[in-house]
Amino acid sequence: MHATPDTSPLHPFASLTPDVVLDALASVGLYGDGRLMALSSYENRVYQVWLEDGQRVVAKFYRPGRWSEAQILEEHAFAAELMAAEVPAVGPLVLDGLTLHPHGGFQFSVSPWRGGRQPELDDFEVLEWTGRFLARIHTVGAAQPFAARPTLDLQQFGTEPRDWLLEHALIPLDVQSAWRDACNTALDLIAAGAQSTGAGGQFCLKDAAVLRLHGDCHPGNILWTPLDEWGRGGPHFVDLDDARMGPAVQDLWMLLSGDRRQRTHQLGALLDGYEQFRSFDRRELALIEPLRTLRLIHYSAWLARRWEDPIFPINFPWFGSSDYWRGQVDMLHEQIEAMQEEPLVA
């Protein structure tokens, strides 16, 4: 990989030592007993910390330069709205009257620790239950828009990442033209809402109503706890870091997997739960494959932009090779075909 222009030899997170983490918590009146564990997070740095009183908290240090303070505070306000509506989301604690705190050149927040495991998405009852809570998230999300956070659209998730990758010559020459051509074809289809086998007047991304979303609602961001004798348990949602404006279906499609028949059944269960609380515009089902395609393009650019962060080469050693990009070309061709098929129905 070539070095990207917005990085320096010493990455900012290199200064985030365990002592800095513990000092940051002490600055807001939380005193660790010396134990902390890094949690799975690439965009930010997140730690589970044991406190002297035996409690556990989660400290999240935001990647410098990714979000503005106003955008982070919108995430926190959204989480607070969800919790006030008794939606099982995990938001930051208010400490000294604030949810966002500065320390050592970083902005950080502290949340209560919540355990759980990934939901069993082959269980239709679990999917229906998850659908009900997603509808409740969206009911809160539709109450008002984000003012500072962006909208999931073709420009930010498709055109800009494509142009950035090509401008910085990050794709090997032996596969660059094939990737560019496949990417252009895919983005043209998304822009046109083209679906060769369907009726005219296709529903496009730009036609969808937008609301505040979780934004990155994959199974790893839903923690499940078994029901206790009082009926408490079920899903709770974590990591609103990617919250943004977008169509409701963005928070559903990442929970679908398998072949078309399996995805259809899963979608049916999700919507059975969802529509107990909120109506769903079935036209948005035509956006599932376009949104999957945009995520594919955006993900490659995200990896490239973060490559100077030492944690990325360690965890993604396969990224950047000709084989990687040839695989991306193949997946783009598969998505081009998928976008021209009839959308899922439920």
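See the structure printed just above.
Here goes a summary of the coordinates provided. (Residues numbered from 1 in each chain as written. Predicted model: local features only at pLDDT ≥ 70, side-chain atom pairs only at ≥ 80, totals over all residues. Heavy atoms only, no water.)

Moving on, we get to the environment of Leu152. By the secondary structure assignment, Leu152 is in the loop between α3 (124-141) and α4 (154-167). Given a relative accessible area of 4%, Leu152 falls into the buried group. A sequence separation of 126 residues divides Leu152 from Ala26, and the C-alpha atoms of the two residues are 37 Å apart. Dropping the residues within four chain positions of it, Leu152 is found in contact with Phe157, Leu205, Arg244, Met245, Gly246, Gln250, Leu291 and Leu294. (Helix = DSSP H or I, 4+ residues; strand = E, 2+ residues; numbered from the N terminus. Buried < 20%, exposed > 50% of the residue type's maximum accessible area, 1.4 Å probe, protein only. Contact = heavy atoms within 4.5 Å.)

A separate point is the sheet that holds strand β3 (residues 56-61). Spatially, the five strands line up as an open sheet ordered β1-β2-β3-β5-β4, and their pairing is antiparallel. Each edge of the open sheet carries a strand with a single partner, namely β1 (32-38) and β4 (101-103). Neighbour-to-neighbour, the strand axes of the sheet open up by a mean angle of 35°, direction not taken into account. Bridge count for β3 against strand β5 (residues 106-112) is five bridges, and the pairing is antiparallel. What sits directly across from Val57, in β5, is Pro112. (Pairing = 2+ DSSP bridges. Axes fitted to C-alpha atoms, helices over the stretch in contact; angles between N-to-C directions.)

For a regular strand, side chains alternate in direction, first toward one face of the sheet and then toward the other. Burial runs high along β3: five of the six residues are buried. One ladder, built from six bridges, connects strand β2 (residues 45-51) with β3; its direction is antiparallel. From the neighbouring strand, Val49 faces β3, where its bridge partner is Val57. Counted between consecutive antiparallel strands, the loop separating β2 from β3 contains four residues, among which Gly54 sits at a positive phi close to 95°.

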